[in-house]
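One-letter residues, chain by chain:
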Amino acid sequence: MTSLTGRIDLHMHTTVSDGTDSPEGILDKVRSAGLALFSVTDHDAVKGCRIIQALLTPDDPAFLTGVEFSCKDEEGKCHILGYGFDPEAEPICRVVEKGHNFRMNKVRLRLDFLKERFGFDFPREEIRALLARDNPGKPHIGNLMMKYGYARSMDEAIKDYMDQMHFRNEYVRPEEAIRGILASGGVPVLAHPCYGSGDELILGAALESRVRRLMDFGLRGLEAYYSGFSSKLRAQVLSLAERFSLCVTAGSDYHGTNKLIALGDTGLDRENARILNAFFEEIGNSAHGSI
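Quick look at the structure, then. Predicted model, so just to flag it, every value in this text is computed and none were measured.

1. Description of the pairing of strand β3 (residues 62-73)
Point 1. Most of β3 sits out of view: eleven of its twelve residues are buried.
Point 2. In this structure, strand β2 (residues 37-40) lies alongside β3, joined through four bridges in parallel fashion. Directly across from serine 39, in β3, lies its bridge partner leucine 64.
Point 3. As paired elements, β3 and strand β4 (residues 76-83) share eight bridges and run antiparallel to each other. Bridge pairing in β4 places valine 67 opposite glycine 82.
Point 4. The antiparallel pairing of β3 with β4 creates a hairpin that spans two residues between the two strands.

2. What about the sheet that holds strand β6 (residues 221-226)?
Point 1. What the seven strands build is an open sheet, ordered β1-β2-β3-β4-β5-β6-β7; its pairing is mixed. With partners counted over all chains shown, the strands left at the sheet margins are β1 (8-9) and β7 (247-251), one partner each.
Point 2. Strand direction decides the pairing type here: β6 and β7, joined by five bridges, are parallel. By the bridge assignment, glutamate 223 is partnered in β7 with threonine 249.
Point 3. Set on the sheet, helix α8 (residues 204-217) makes contact with β3, β4, β5 (187-190) and β6; between it and β4 the angle comes to about 50 degrees.

3. Notes on the pattern of salt bridges
Point 1. For the coordinates displayed, the defined rule picks out 20 salt bridges.
Point 2. Here lysine 159 ties to aspartate 155 by a salt bridge, and the two come within 3.5 Å at their closest N and O atoms. Highlighted residues: lysine 159 and aspartate 155, both in helix α6 (residues 154-161), separated by four residues, approximately one helical turn.
Point 3. Its relative accessible area of 40% is what places lysine 159 among the partly exposed residues.

Cut-off values and rules
- Residues numbered from 1 in each chain as written.
- Predicted model: local features only at pLDDT ≥ 70, side-chain atom pairs only at ≥ 80, totals over all residues.
- Heavy atoms only, no water.
- Buried < 20%, exposed > 50% of the residue type's maximum accessible area, 1.4 Å probe, protein only.
- Helix = DSSP H or I, 4+ residues; strand = E, 2+ residues; numbered from the N terminus.
- Pairing = 2+ DSSP bridges.
- Contact = heavy atoms within 4.5 Å.
- Axes fitted to C-alpha atoms, helices over the stretch in contact; angles between N-to-C directions.
- Salt bridge = Lys/Arg side-chain N within 4 Å of Asp/Glu carboxyl O.

Spelled out as structure tokens, the structure:
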């Protein structure tokens, strides 16, 4: 796989994490959208990849296994994408399990916090259903809050209520995510590099420092084409990728109805698609299908 002849989207989420489309549903939408290459990158989970792999036919778009790890260390939060790994490999499964356990603990703590601080309570059957999900998070709790009249919007539910709680540092560390991806045959990429925690923007020297540090752990790429990036932000990331010989990827961060982002909305056009060739060379032949 050394060139691109169609649209791609390497960043999307299913109901395995915080998307609203099932893996089967997102595959149908990928087919309808006419993508040439796609990846499902659920938070701290690879179950969606396994489901899609089992459904693919020879006529389907090329598919790469993917994951997005929510990471944090002394330097702050970041999200690490992994591509082209073996979803059954022990190193990646170990990181997934750790991230999942942290996520489930946070859901329980958030529910307790909302009840104790604001008096928000939910029926037991709703809580059981929430905890039975693969990887519940803020959007799932936010939907419950809106359903029972505790918040008027997802933004209010998260910013005015859930974000009032601050957790201990129970996160996968970026070096753990990167090394787990590498040890499972994958390529680690920094998701939306200019975005930090909440509305934080990381630019200039701070962004360069972050990329250099992650490269020390084995980072190999930057998500330069991203639905939320302006041309100026994209240019900063592309400049760093060129200076540090990092590959470049493109992703929408599609979540179905949980975010107002369209499938395939990456900002990458066919004229610039050749910039992804270094990524294809990194991945080699790990995609289902060909481009």
